[in-house]
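# Results of the structural survey
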Amino acid sequence: MPILEVRGLVTHYLTMQGPVEAVSGVSFTVDEGQTLGLAGESGCGKTTAALSIMGLLPSNGRIIGGEIILDGEDLLKKDESELRETRWRKVSIVFQGAMNALNPVINVGEQIAEAILEKEEVTRDEAWERVRELFDLVELEPGRVKEFPHEFSGGMRQRVMIAMALACNPKLVIADEPITALDVIVQNQIMELMKSLQSRMNLSQMLITHDLSVIAETCDRVGIMYAGKLMEYADVGPIFKRPLHPYTSLLIGAYPSIVGEKRPLKFIPGAPPNLIDPPKGCRFHPRCPYAQEICGREEPSFLEEEPGHHAACHFVDELRGTLSIGDG
Ligand SMILES: Nc1ncnc2c1ncn2[C@@H]1O[C@H](COP(=O)(O)OP(=O)(O)OP(=O)(O)O)[C@@H](O)[C@H]1O
Ligand SMILES: [Mg+2]
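I will try to describe carefully the structure that is included in this document. These figures come from a predicted structure and were not determined experimentally. (Residues numbered from 1 in each chain as written. Chains lettered and ligands numbered in written order. Predicted model: local features only at pLDDT ≥ 70, side-chain atom pairs only at ≥ 80, totals over all residues. Heavy atoms only, no water.)

### Thoughts on the sheet that holds strand 1 (residues 2-13)
Taken together, four strands build an open sheet; the order of strands is 2-1-4-5 and the sheet is antiparallel. The sheet is open, and its two edges are formed by strand 2 (20-31) and strand 5 (73-74), each paired on a single side. In the packing of helix 1 (residues 46-54) onto the sheet, the strands contacted are strand 1, strand 2 and strand 4 (61-70), and the crossing angle to strand 1 comes to about 115°. (Pairing = 2+ DSSP bridges. Helix = DSSP H or I, 4+ residues; strand = E, 2+ residues; numbered from the N terminus. Contact = heavy atoms within 4.5 Å. Axes fitted to C-alpha atoms, helices over the stretch in contact; angles between N-to-C directions.)

### Re the state of the cysteines
In this structure the tally under the stated criterion is zero disulfides. In this structure C219 is a free cysteine whose sulfur lies 15 Å from that of C44, the closest cysteine sulfur available. Look at C219 and you get buried, because its relative accessible area is 8%. We note that C282 lacks a disulfide partner, and the nearest cysteine sulfur, in C295, lies 6.3 Å from it. (Disulfide = S-S within 2.5 Å. Buried < 20%, exposed > 50% of the residue type's maximum accessible area, 1.4 Å probe, protein only.)

### Some details on the environment of K146
When you line up the elements, K146 lands in the loop between helix 4 (124-137) and helix 5 (154-166). With relative accessibility at 51%, the residue K146 sits in the exposed group. Counting along the chain gives 69 residues from K146 to K77, while the straight-line C-alpha distance between them is 40 Å. The contacts of K146, once residues within four sequence positions are left out, are N107 and W128.

### A short note on the pairing of strand 4
As paired strands, strand 1 and strand 4 are joined by eight bridges and run antiparallel to one another. Opposite E5, over in strand 4, you have I69 as the bridge partner. Sheet topology note: the strand 4/strand 5 ladder contains two bridges and is antiparallel. Pairing of I69 across the sheet is with D74, part of strand 5.

### A short note on the sheet that holds strand 10 (residues 229-235)
Ordered in space as 6-7-8-3-9-10-12-11, the eight strands form an open sheet in which the pairing is mixed. Two strands in the sheet have a free side with no partner beyond their single neighbour: strand 6 (91-94) and strand 11 (303-306). For this sheet the average axis-to-axis angle between neighbouring strands, irrespective of direction, equals 20°. In the sheet, strand 10 pairs with strand 12 (residues 309-311) via two bridges, with the strands oriented antiparallel.

### Re the side chain of R130
Considering the arrangement of structural elements, one finds R130 in helix 4. Of the polar contacts made by the side chain of R130, one reaches the backbone oxygen of L166; its length is 3.2 Å. In contact with R130, other than residues within four places in its own chain, are I116, L166, A167 and N169. (Polar contact = N/O pair within 3.5 Å; in protein donor to acceptor, adjacent residues only side chain to side chain.)

### Re the site of ligand 1
If you check the shell around ligand 1, you find 15 residues, and the closest are S42, G43, K46, T47 and T48. A distance of 2.4 Å separates an oxygen atom of ligand 1 from a polar atom in the side chain of S42. Contact distances for ligand 1 include 3.2 Å between an oxygen atom and a backbone N or O atom of C44. Counting residues per element, the ones that place at least two in the shell around ligand 1 are strand 2 and helix 1. Within the shell around ligand 1, the residues separate by chemical class into six nonpolar, eight polar and one charged. (Near = heavy atom within 4 Å. Nonpolar A, V, L, I, M, F, W, Y, C, P; charged D, E, K, R; others polar.)

Below you can see the structure in the form of structure tokens.
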């Protein structure tokens, strides 16, 4: 059962130089109790996709088209007051570096309790009871609810933020680079926590990260974004074993693997394009080692090339089986 279906989402930012085409027709699904990973280089539109779902775009952000169906309801047909009901109760988000956004002069339990009281019809005592349950859920000592942010380590503060995201029992939690600012050991602990929450609560998650090894370890499906578009979308196994898009294989090769053998890292030459004036045809063609004339002229369709495995490349058939990790 899908908990979230995003279909043909188009989100622009209005700027003096013209619209930034940050998300350009992206479709994906998060099934109940599953984790979808979204990966891609900086500036490819991952956060914009997340903020579109949350209804939290900055003031110059505009959703131009598409559908966002959350638990059977199209969020784009809701007005702001209806969205406020949905936000945090059905879907919540943990931002990058969110742990640094806690108010330093209010104890952490109070900050979570306030969030609960704002959304739910409960008494103060009930809210505090819930705070203690949430602490237990994210493996923090419930006895520490009245401590202040500076009394917790970065990893513990990120656990507090996860507790806050879970406060209203949402069906879906979006985590946007939840571990980027943490050291490697704490990163692993937080990812273990997210995985265990998924199985204990049947929670659905969308995990945005640069780090493909984290995706390989924690996600069920993955979407690889480039310049506002999905280049490839499939279950985690096939994406890492047999990528169908040159960008995916290059991206995998550009990150160290935490499992398996060590291999030399390869950089992807060039940089993602300016999305005010993205390249014609395939947006990746200026950097693609396999690009032919057609790639600069015609945009490849995003097709289901194998059951459940979508890719947007003119040369999927020619390249099939030849793209190794770090190819190019
Ligand atoms: N408020 C804004 N106004 C104009 N352009 C914006 C705004 N916010 C983001 N952008 C642009 O939209 C594009 C997508 O940005 P977004 O933050 O969604 O990327 P991202 O994949 O999350 O990147 P990162 O990995 O660095 O977090 C980028 O080109 C970015 O410069
Ligand atoms: Mg981002």
